[in-house]
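So you can see what is in the structure, the chains are spelled out below.
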Amino acid sequence: MTNESDRTVAVSVDWDAEAVGFDKEPDHGLRDPEVRLAWAGRLRAWLPERPADVLDLGCGTGSLALLAAEQGHRVTGVDSSPAMVARARAKLAGRDAVFLLGDAAAPPVGERLFDAVLVRHVLWALPDPARVLRHWRGLLRPGGRFVLVEGVWGSVTPVGIPADRLTGLLAPLTADLRVERLSADAVLWGKEVSDERYAVVATV
């Protein structure tokens, strides 16, 4: 679904410049109480019940990281944009969270292992998703989980990664997985959407 030119467009975006207005989108900044509550409920269902080490890759301004931290998790966020990382650090100041500047495909976490790898709308733009998923699998503890929110956007020249393709890539790496369709839940996006949006939760 996503070709190399689509990824080039995604990579060529000036994310430092985008950081200024990034949180204006309802599902980015989670400023609307209903949108925020909807995402908090989803994360509570997707992440471990007990306090866990969560690796948020392509964390942006840290909105999901903040929800995870509020639920008692220890969060490590990674983003390639210094401006995004700065905003995430400010947003989670005083929380049990660390934000690192780096590549989501190969996060600079050394030998650390995590209980969950959380990624929203990032994997589709990375070259060789199969290789990236294998690398992320190596960052998970036994019994850890992937929480991947992805989709396919646009009708004329759609970009993204369809759920069936992502589950096919994950199947050899995980013990079980489930797909939650998110398109019909307008509260998550702050508006009605017609494209494919979903989450895959997969345990290793």
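These remarks concern the structure in this document. Quick caveat, the model's predicted, so the values are computed rather than measured. (Residues numbered from 1 in each chain as written. Predicted model: local features only at pLDDT ≥ 70, side-chain atom pairs only at ≥ 80, totals over all residues. Heavy atoms only, no water.)

1. Some details on the layout of surface pockets
Of the voids in this model, the largest pocket is the one considered here, and its volume is about 1,100 Å³. Around the largest pocket, the lining is made up of 36 residues, and of these Trp15, Phe22, His121, Val122 and Trp124 lie nearest the centre. Residue assignment for the lining of the largest pocket shows that the elements contributing at least two residues are α1 (4–12), α2 (15–18), α3 (26–29) and α5 (63–70). Of all the elements, α1 adds the most residues to the lining of the largest pocket, at three residues. Looking at the lining of the largest pocket residue by residue, the class counts come to 17 nonpolar, 10 polar and nine charged. (1 Å grid on protein atoms, 1.4 Å probe; cavity = no way out; pocket = protein on both sides within 12 Å on 5 of 7 lines; lining within 4 Å. Points joined across faces, edges and corners; volume = space filled by probe spheres on them. Helix = DSSP H or I, 4+ residues; strand = E, 2+ residues; numbered from the N terminus. Nonpolar A, V, L, I, M, F, W, Y, C, P; charged D, E, K, R; others polar.)

2. Some points on the pairing of strand β2 (residues 74–79)
Here β2 lies mainly inside the structure; five of its six residues are buried. Looking at chain direction, strand β1 (residues 53–57) and β2 are connected through five bridges and run parallel. Residue pairing in the sheet places valine 54 in a bridge with valine 75 of β2. Read from β1 through α5 to β2, the crossover connection turns out right-handed. (Buried < 20%, exposed > 50% of the residue type's maximum accessible area, 1.4 Å probe, protein only. Pairing = 2+ DSSP bridges. Right-handed = clockwise from strand over helix to strand, strands pointing away.)

3. With respect to the environment of glycine 154
Mapped onto the secondary structure, glycine 154 falls in the loop between β5 (140–153) and β6 (159–160). Glycine 154 gets classed as partly exposed once you look at its relative accessible area, which sits at 49%. C-alpha separation for the pair glycine 154 and glutamate 196, spaced 42 residues apart in sequence, amounts to 9.4 Å.

4. Examining the nonpolar core
Ranked by internal contacts, the top residues of the largest apolar core, which has 32 residues, are Leu133, Trp136, Phe146 and Leu166. Of all the secondary-structure elements, those providing two or more residues to this core are β1, β4 (114–120), α7 (129–137), β5, α8 (163–170) and β8 (196–203). When neighbours within four sequence positions are excluded, leucine 166 is seen to be in contact with Leu123, Leu133, Leu148, Glu150, Ile161, Tyr198 and Val200. In this structure, Val35, Trp39, Val75 and Trp189 belong to the second largest nonpolar core, which totals 31 residues. (Core = buried A, V, L, I, M, F, W, Y, C linked by side-chain atoms within 4.5 Å. Contact = heavy atoms within 4.5 Å.)

5. Concerning the packing of α7 against α8
Relative orientation of the contacting elements α7 and α8 amounts to 50°, with a least axis distance of 10 Å. Our classification of the angle between α7 and α8 gives oblique. With respect to the hand of their crossing, α7 and α8 are arranged in right-handed fashion. Where α7 approaches α8, its residues Pro129, Ala130 and Leu133 are matched on the opposing element by Arg165, Leu166, Leu169 and Leu170. Across the contact of α7 with α8, the residue classes tally to six nonpolar, no polar and one charged. (Axes fitted to C-alpha atoms, helices over the stretch in contact; angles between N-to-C directions. Parallel < 35°, antiparallel > 145°, perpendicular 65-115°, else oblique. Left-handed = near helix turned anticlockwise from the far one by under 90°.)

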